[in-house]
Amino acid sequence: MKLKNKVCIVTGAARGIGEGIAKRYVEEGARVVIADLKLEVAQETAEKLSVMGPGTAMGVAMDVTNEQAVNDGVARVAKEWGGIDVLVSNAGIQIVHKIEDFPFADWKKLLSIHLDGAFLTSKACIPHMYERKAGSIIFMGSVHSKEASPLKSAYVTAKHGLLGLARVISKEGAEHGVRANVICPGFVKTPLVEKQIPEQAKELGISEKEVVNKIMLGETVDKEFTTIEDVAEVALLFASFPTNALTGQSLVVSHGWFME
Ligand code: NAD
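To start, this report covers the structure provided alongside it. Everything numeric here is computed off the predicted structure, so don't read it as measured data.

## Section: the packing of helix 1 (residues 16–27) against helix 8 (residues 228–240)
Between helix 1 and helix 8, the shortest axis-to-axis distance is 8 Å and the interhelical angle comes to 55 degrees. If you check the angle between helix 1 and helix 8, you find them oblique. As for the relative orientation of helix 1 and helix 8, their crossing is right-handed in sense. For the pair helix 1 and helix 8, contact is made by Gly16, Ile17, Gly20, Ile21, Arg24 and Tyr25 and by Ile228, Val231, Ala232, Glu233, Ala235, Leu236 and Ala239, respectively. Classifying every residue of the contact of helix 1 with helix 8 by side-chain character gives nine nonpolar, two polar and two charged.

Below is the structure:
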(Lines give C-alpha, C1' and ligand atoms only; values in the text may rest on other atoms or scores of the structure.)
Protein backbone atom coordinates (compact mmCIF):
# COMPACT_ATOMS: atom_id res chain seq x y z
CA MET A 1 0.00 0.00 0.00
CA LYS A 2 1.37 3.37 -1.05
CA LEU A 3 -0.11 5.54 1.74
CA LYS A 4 -0.34 3.18 4.71
CA ASN A 5 -1.30 5.20 7.84
CA LYS A 6 -0.49 8.52 6.13
CA VAL A 7 -2.70 11.36 7.34
CA CYS A 8 -4.24 13.09 4.31
CA ILE A 9 -6.57 16.10 4.43
CA VAL A 10 -8.74 16.49 1.33
CA THR A 11 -10.90 19.64 1.16
CA GLY A 12 -14.22 19.57 -0.67
CA ALA A 13 -14.14 15.79 -0.33
CA ALA A 14 -17.79 15.14 0.53
CA ARG A 15 -18.52 14.60 -3.17
CA GLY A 16 -17.10 14.83 -6.69
CA ILE A 17 -13.37 14.77 -7.42
CA GLY A 18 -12.41 15.24 -3.76
CA GLU A 19 -14.43 12.17 -2.75
CA GLY A 20 -12.76 10.17 -5.53
CA ILE A 21 -9.29 11.17 -4.29
CA ALA A 22 -10.24 10.33 -0.70
CA LYS A 23 -11.49 6.90 -1.85
CA ARG A 24 -8.25 6.19 -3.74
CA TYR A 25 -6.20 7.20 -0.68
CA VAL A 26 -8.28 4.95 1.62
CA GLU A 27 -7.68 2.08 -0.83
CA GLU A 28 -3.95 2.69 -0.30
CA GLY A 29 -4.26 2.48 3.50
CA ALA A 30 -4.37 6.21 4.33
CA ARG A 31 -6.19 7.96 7.18
CA VAL A 32 -8.19 10.55 5.27
CA VAL A 33 -9.90 13.69 6.50
CA ILE A 34 -13.04 14.57 4.54
CA ALA A 35 -13.06 18.36 5.04
CA ASP A 36 -16.20 20.01 3.69
CA LEU A 37 -18.79 22.66 4.50
CA LYS A 38 -21.40 20.47 6.21
CA LEU A 39 -20.30 18.11 8.98
CA GLU A 40 -23.11 15.55 8.43
CA VAL A 41 -22.35 15.22 4.71
CA ALA A 42 -18.60 14.95 5.37
CA GLN A 43 -19.23 12.30 8.02
CA GLU A 44 -21.53 10.35 5.71
CA THR A 45 -18.79 10.18 3.04
CA ALA A 46 -16.18 9.32 5.67
CA GLU A 47 -18.28 6.44 7.01
CA LYS A 48 -18.87 5.07 3.51
CA LEU A 49 -15.13 5.10 2.76
CA SER A 50 -14.12 3.66 6.16
CA VAL A 51 -16.37 0.65 5.55
CA MET A 52 -14.57 0.03 2.24
CA GLY A 53 -11.10 0.24 3.89
CA PRO A 54 -8.35 -0.78 4.32
CA GLY A 55 -7.61 2.79 5.41
CA THR A 56 -10.02 4.96 7.36
CA ALA A 57 -11.69 8.37 7.09
CA MET A 58 -13.17 11.03 9.36
CA GLY A 59 -15.41 13.98 8.54
CA VAL A 60 -14.49 17.51 9.61
CA ALA A 61 -16.55 20.67 9.06
CA MET A 62 -14.37 23.24 7.34
CA ASP A 63 -15.17 26.32 5.29
CA VAL A 64 -11.80 26.83 3.61
CA THR A 65 -12.35 30.60 3.43
CA ASN A 66 -12.63 30.87 7.22
CA GLU A 67 -9.19 31.10 8.87
CA GLN A 68 -10.43 30.02 12.29
CA ALA A 69 -12.34 27.02 10.89
CA VAL A 70 -9.28 25.92 8.89
CA ASN A 71 -6.90 26.32 11.86
CA ASP A 72 -9.27 24.53 14.25
CA GLY A 73 -9.88 21.65 11.81
CA VAL A 74 -6.19 21.14 11.04
CA ALA A 75 -5.22 21.34 14.73
CA ARG A 76 -7.86 18.74 15.61
CA VAL A 77 -6.58 16.35 12.93
CA ALA A 78 -2.95 16.79 14.01
CA LYS A 79 -3.92 16.13 17.64
CA GLU A 80 -6.09 13.08 16.94
CA TRP A 81 -3.91 11.48 14.26
CA GLY A 82 -0.48 12.73 15.34
CA GLY A 83 0.49 14.91 12.35
CA ILE A 84 -0.27 15.67 8.70
CA ASP A 85 1.41 14.11 5.67
CA VAL A 86 -0.68 15.19 2.67
CA LEU A 87 -2.94 18.15 1.92
CA VAL A 88 -5.16 18.15 -1.16
CA SER A 89 -6.66 21.62 -1.54
CA ASN A 90 -9.55 20.69 -3.81
CA ALA A 91 -12.63 22.65 -2.67
CA GLY A 92 -13.88 24.83 -5.48
CA ILE A 93 -16.86 26.33 -7.24
CA GLN A 94 -17.61 27.67 -10.70
CA ILE A 95 -19.44 30.89 -11.59
CA VAL A 96 -19.80 31.91 -15.23
CA HIS A 97 -20.62 35.38 -16.59
CA LYS A 98 -19.34 37.66 -19.28
CA ILE A 99 -16.78 39.97 -17.67
CA GLU A 100 -18.96 43.06 -18.07
CA ASP A 101 -21.79 41.31 -16.21
CA PHE A 102 -19.64 39.57 -13.55
CA PRO A 103 -20.91 40.63 -10.11
CA PHE A 104 -17.94 41.75 -7.97
CA ALA A 105 -19.32 39.73 -5.05
CA ASP A 106 -19.20 36.55 -7.18
CA TRP A 107 -15.64 37.35 -8.30
CA LYS A 108 -14.53 37.72 -4.66
CA LYS A 109 -16.40 34.59 -3.55
CA LEU A 110 -14.79 32.42 -6.22
CA LEU A 111 -11.27 33.76 -5.66
CA SER A 112 -11.68 33.32 -1.93
CA ILE A 113 -12.66 29.64 -2.10
CA HIS A 114 -9.92 28.72 -4.58
CA LEU A 115 -7.05 31.00 -3.51
CA ASP A 116 -7.69 31.90 0.16
CA GLY A 117 -8.64 28.24 0.63
CA ALA A 118 -5.35 26.98 -0.81
CA PHE A 119 -3.36 29.57 1.15
CA LEU A 120 -5.08 29.06 4.51
CA THR A 121 -5.00 25.24 4.42
CA SER A 122 -1.35 25.24 3.30
CA LYS A 123 -0.41 27.76 6.01
CA ALA A 124 -2.10 25.62 8.66
CA CYS A 125 -0.62 22.29 7.50
CA ILE A 126 2.94 23.39 6.71
CA PRO A 127 4.21 23.66 10.34
CA HIS A 128 3.05 20.06 10.97
CA MET A 129 4.80 18.90 7.79
CA TYR A 130 8.01 20.78 8.63
CA GLU A 131 7.96 19.09 12.04
CA ARG A 132 8.07 15.70 10.29
CA LYS A 133 10.47 16.91 7.60
CA ALA A 134 8.07 15.53 4.98
CA GLY A 135 4.84 16.42 3.27
CA SER A 136 3.01 16.71 -0.03
CA ILE A 137 0.72 19.61 -0.88
CA ILE A 138 -1.51 19.20 -3.92
CA PHE A 139 -3.67 21.93 -5.43
CA MET A 140 -6.60 21.19 -7.68
CA GLY A 141 -5.90 23.33 -10.70
CA SER A 142 -7.51 22.80 -14.08
CA VAL A 143 -6.76 23.03 -17.78
CA HIS A 144 -7.90 26.56 -16.93
CA SER A 145 -4.59 26.95 -15.02
CA LYS A 146 -3.02 27.05 -18.51
CA GLU A 147 -5.81 27.99 -20.91
CA ALA A 148 -8.64 30.52 -20.97
CA SER A 149 -12.31 30.20 -21.88
CA PRO A 150 -14.96 32.89 -22.27
CA LEU A 151 -17.23 33.53 -19.25
CA LYS A 152 -14.65 32.16 -16.77
CA SER A 153 -12.59 35.21 -15.82
CA ALA A 154 -12.63 34.52 -12.07
CA TYR A 155 -12.05 30.76 -12.41
CA VAL A 156 -9.20 31.12 -14.93
CA THR A 157 -7.55 33.80 -12.76
CA ALA A 158 -7.81 31.63 -9.64
CA LYS A 159 -6.58 28.47 -11.35
CA HIS A 160 -3.58 30.29 -12.86
CA GLY A 161 -2.82 31.71 -9.39
CA LEU A 162 -2.53 28.26 -7.86
CA LEU A 163 0.48 27.49 -10.08
CA GLY A 164 2.33 30.43 -8.54
CA LEU A 165 1.47 29.48 -4.98
CA ALA A 166 2.59 25.87 -5.54
CA ARG A 167 5.92 27.05 -6.96
CA VAL A 168 6.61 29.30 -3.96
CA ILE A 169 5.71 26.52 -1.49
CA SER A 170 7.97 24.10 -3.36
CA LYS A 171 10.90 26.54 -3.04
CA GLU A 172 10.26 27.36 0.64
CA GLY A 173 9.40 23.77 1.55
CA ALA A 174 12.28 21.95 -0.14
CA GLU A 175 14.69 22.12 2.79
CA HIS A 176 11.92 20.75 5.03
CA GLY A 177 11.06 17.85 2.69
CA VAL A 178 7.76 19.42 1.63
CA ARG A 179 6.66 19.25 -2.03
CA ALA A 180 3.87 21.12 -3.82
CA ASN A 181 2.25 20.25 -7.14
CA VAL A 182 -0.88 21.03 -9.14
CA ILE A 183 -3.27 18.67 -10.93
CA CYS A 184 -4.89 20.18 -14.03
CA PRO A 185 -7.93 18.15 -15.12
CA GLY A 186 -10.06 18.65 -18.21
CA PHE A 187 -13.84 18.46 -17.86
CA VAL A 188 -14.98 15.83 -15.33
CA LYS A 189 -18.71 15.09 -15.02
CA THR A 190 -19.42 16.20 -11.46
CA PRO A 191 -22.22 18.42 -10.09
CA LEU A 192 -19.91 21.42 -10.74
CA VAL A 193 -19.89 20.66 -14.47
CA GLU A 194 -23.50 19.42 -14.77
CA LYS A 195 -24.57 22.86 -13.48
CA GLN A 196 -22.51 24.69 -16.13
CA ILE A 197 -24.03 22.96 -19.15
CA PRO A 198 -27.44 24.76 -19.13
CA GLU A 199 -25.82 27.98 -17.83
CA GLN A 200 -23.33 28.15 -20.70
CA ALA A 201 -25.99 27.18 -23.25
CA LYS A 202 -28.05 30.15 -22.08
CA GLU A 203 -25.13 32.63 -21.94
CA LEU A 204 -23.76 31.62 -25.36
CA GLY A 205 -27.14 31.05 -27.07
CA ILE A 206 -26.34 27.47 -28.15
CA SER A 207 -27.79 24.04 -27.29
CA GLU A 208 -26.64 21.98 -24.30
CA LYS A 209 -25.38 19.31 -26.73
CA GLU A 210 -23.19 21.93 -28.42
CA VAL A 211 -21.81 23.03 -25.04
CA VAL A 212 -20.70 19.44 -24.36
CA ASN A 213 -19.45 18.53 -27.85
CA LYS A 214 -17.89 21.82 -28.87
CA ILE A 215 -16.97 23.78 -25.74
CA MET A 216 -16.18 21.01 -23.25
CA LEU A 217 -14.86 18.17 -25.40
CA GLY A 218 -14.20 19.86 -28.76
CA GLU A 219 -10.43 20.01 -28.31
CA THR A 220 -9.93 16.55 -26.75
CA VAL A 221 -8.32 13.80 -28.82
CA ASP A 222 -11.25 11.40 -28.35
CA LYS A 223 -14.33 13.44 -27.26
CA GLU A 224 -14.18 11.83 -23.81
CA PHE A 225 -14.69 13.37 -20.38
CA THR A 226 -11.81 12.95 -17.93
CA THR A 227 -12.97 10.75 -15.03
CA ILE A 228 -12.75 11.19 -11.29
CA GLU A 229 -10.64 8.00 -11.23
CA ASP A 230 -8.14 9.52 -13.70
CA VAL A 231 -7.69 12.56 -11.46
CA ALA A 232 -7.44 10.41 -8.31
CA GLU A 233 -4.61 8.40 -9.89
CA VAL A 234 -2.59 11.60 -10.44
CA ALA A 235 -3.37 12.68 -6.86
CA LEU A 236 -1.96 9.35 -5.67
CA LEU A 237 1.22 9.86 -7.70
CA PHE A 238 1.83 13.33 -6.23
CA ALA A 239 1.00 12.15 -2.68
CA SER A 240 3.22 9.07 -2.73
CA PHE A 241 6.19 10.27 -4.78
CA PRO A 242 9.27 9.59 -2.62
CA THR A 243 11.59 12.54 -3.28
CA ASN A 244 11.82 16.29 -3.96
CA ALA A 245 12.43 15.53 -7.64
CA LEU A 246 8.73 16.00 -8.33
CA THR A 247 7.89 19.43 -6.95
CA GLY A 248 6.67 22.76 -8.30
CA GLN A 249 5.02 20.92 -11.19
CA SER A 250 1.61 20.75 -12.79
CA LEU A 251 0.22 17.75 -14.62
CA VAL A 252 -2.58 18.07 -17.17
CA VAL A 253 -5.00 15.15 -17.31
CA SER A 254 -7.48 16.12 -20.03
CA HIS A 255 -7.65 13.62 -22.93
CA GLY A 256 -5.24 15.84 -24.83
CA TRP A 257 -7.45 18.95 -24.66
CA PHE A 258 -4.38 20.91 -23.59
CA MET A 259 -0.92 19.65 -24.58
CA GLU A 260 2.38 21.08 -23.38
P1 NAD B 1 -18.15 19.56 -6.79
O2 NAD B 1 -19.04 20.75 -6.86
O3 NAD B 1 -18.68 18.23 -7.22
O4 NAD B 1 -17.54 19.41 -5.33
C5 NAD B 1 -16.95 20.51 -4.68
C6 NAD B 1 -16.94 20.25 -3.19
O7 NAD B 1 -16.32 21.40 -2.58
C8 NAD B 1 -18.36 20.13 -2.59
O9 NAD B 1 -18.39 19.00 -1.73
C10 NAD B 1 -18.53 21.44 -1.82
O11 NAD B 1 -19.35 21.32 -0.67
C12 NAD B 1 -17.08 21.75 -1.44
N13 NAD B 1 -16.89 23.18 -1.13
C14 NAD B 1 -17.36 24.26 -1.82
N15 NAD B 1 -17.02 25.39 -1.17
C16 NAD B 1 -16.33 25.02 -0.06
C17 NAD B 1 -15.72 25.74 1.01
N18 NAD B 1 -15.77 27.08 1.08
N19 NAD B 1 -15.08 25.03 1.98
C20 NAD B 1 -15.04 23.68 1.93
N21 NAD B 1 -15.61 22.95 0.95
C22 NAD B 1 -16.24 23.61 -0.03
O23 NAD B 1 -16.89 19.97 -7.68
P24 NAD B 1 -15.77 19.06 -8.41
O25 NAD B 1 -16.09 19.03 -9.85
O26 NAD B 1 -15.54 17.80 -7.66
O27 NAD B 1 -14.52 20.05 -8.25
C28 NAD B 1 -13.51 19.88 -7.29
C29 NAD B 1 -12.30 20.70 -7.71
O30 NAD B 1 -11.85 20.28 -8.99
C31 NAD B 1 -12.57 22.21 -7.83
O32 NAD B 1 -11.45 22.93 -7.35
C33 NAD B 1 -12.72 22.40 -9.33
O34 NAD B 1 -12.41 23.71 -9.72
C35 NAD B 1 -11.71 21.39 -9.85
N36 NAD B 1 -11.90 20.98 -11.23
C37 NAD B 1 -13.07 20.40 -11.62
C38 NAD B 1 -13.23 20.02 -12.93
C39 NAD B 1 -14.49 19.38 -13.44
O40 NAD B 1 -14.63 19.28 -14.66
N41 NAD B 1 -15.39 18.93 -12.57
C42 NAD B 1 -12.17 20.21 -13.85
C43 NAD B 1 -11.00 20.80 -13.41
C44 NAD B 1 -10.86 21.17 -12.09
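## Re the packing of helix 1 against helix 2 (residues 39–52)
Two quantities define a packed helix pair, namely the angle between the axes and the distance from one axis to the other. Look at helix 1 against helix 2: their axes get within 9 Å of each other, and the N-to-C directions meet at 30 degrees. By the criterion of interaxial angle, the relationship of helix 1 to helix 2 is roughly parallel. Note that helix 1 runs across helix 2; the crossing there is right-handed. Facing helix 1, whose interface residues are Glu19, Ala22, Lys23 and Val26, helix 2 presents Thr45, Lys48, Leu49 and Met52. Residue composition of the contact of helix 1 with helix 2, by class: four nonpolar, one polar and three charged.

## Overview of helix 8
Every α-helix carries 3.6 residues per turn, so stepping three or four residues along brings you back to the same face. Between its terminal C-alpha atoms helix 8 stretches 18 Å, which fits the 18 Å expected from 13 residues at 1.5 Å a residue. Those residues of helix 8 that sit buried are Val231, Ala232, Val234, Ala235, Leu236, Phe238 and Ala239. Buried positions along helix 8 lie against helix 1, strand 4 (86–89), strand 5 (135–140), strand 6 (178–185) and strand 7 (249–253).

## As for the site of the ligand
As a structural note, the neighbourhood of the ligand is formed by 27 residues, with Arg15, Asp36, Tyr155, Val188 and Thr190 the closest of them. Measuring from a nitrogen atom of the ligand, one finds a backbone N or O atom of Met62 at 3.4 Å. Considered on its own, the ligand offers 840 Å² of accessible surface; in the complex 94% of this is hidden by protein. Mapped by element, the contributors of at least two residues to the shell around the ligand are helix 1, helix 4 (104–132), helix 5 (153–173) and helix 6 (191–204). Of the residues forming the shell around the ligand, the biggest block, three residues, is contributed by helix 6.

## A short note on the state of the cysteines
The full count for this structure, using the stated rule, is zero disulfides. With no disulfide of its own, Cys8 lies closest to Cys125 among cysteine sulfurs, the gap being 11 Å. Assessed through its relative accessible area of 0%, Cys8 is described here as buried.

## Concerning the packing of aromatic side chains
Counted according to the given criterion, the structure contains one aromatic pair. Look at Phe187 and Trp257: their rings are 5.3 Å apart centre to centre, the planes differ by 10 degrees, and that puts the pair in the stacked class. Linking Phe187 in the loop between strand 6 and helix 6 with Trp257 in the segment after strand 7, this pair joins segments that are 70 residues apart in sequence. In terms of burial, Phe187 and Trp257 fall into one category: buried.

Definitions and cut-offs
Residues numbered from 1 in each chain as written. Predicted model: local features only at pLDDT ≥ 70, side-chain atom pairs only at ≥ 80, totals over all residues. Heavy atoms only, no water. Axes fitted to C-alpha atoms, helices over the stretch in contact; angles between N-to-C directions. Helix = DSSP H or I, 4+ residues; strand = E, 2+ residues; numbered from the N terminus. Parallel < 35°, antiparallel > 145°, perpendicular 65-115°, else oblique. Left-handed = near helix turned anticlockwise from the far one by under 90°. Contact = heavy atoms within 4.5 Å. Nonpolar A, V, L, I, M, F, W, Y, C, P; charged D, E, K, R; others polar. Expected span 1.5 Å × (residues − 1). Buried < 20%, exposed > 50% of the residue type's maximum accessible area, 1.4 Å probe, protein only. Near = heavy atom within 4 Å. Polar contact = N/O pair within 3.5 Å; in protein donor to acceptor, adjacent residues only side chain to side chain. Areas by Shrake-Rupley, 256 points an atom, 1.4 Å probe, with all protein chains shown as cover. Disulfide = S-S within 2.5 Å. Phe/Tyr/Trp six-rings, centres within 6.5 Å; stacked < 30°, edge-to-face > 60°.

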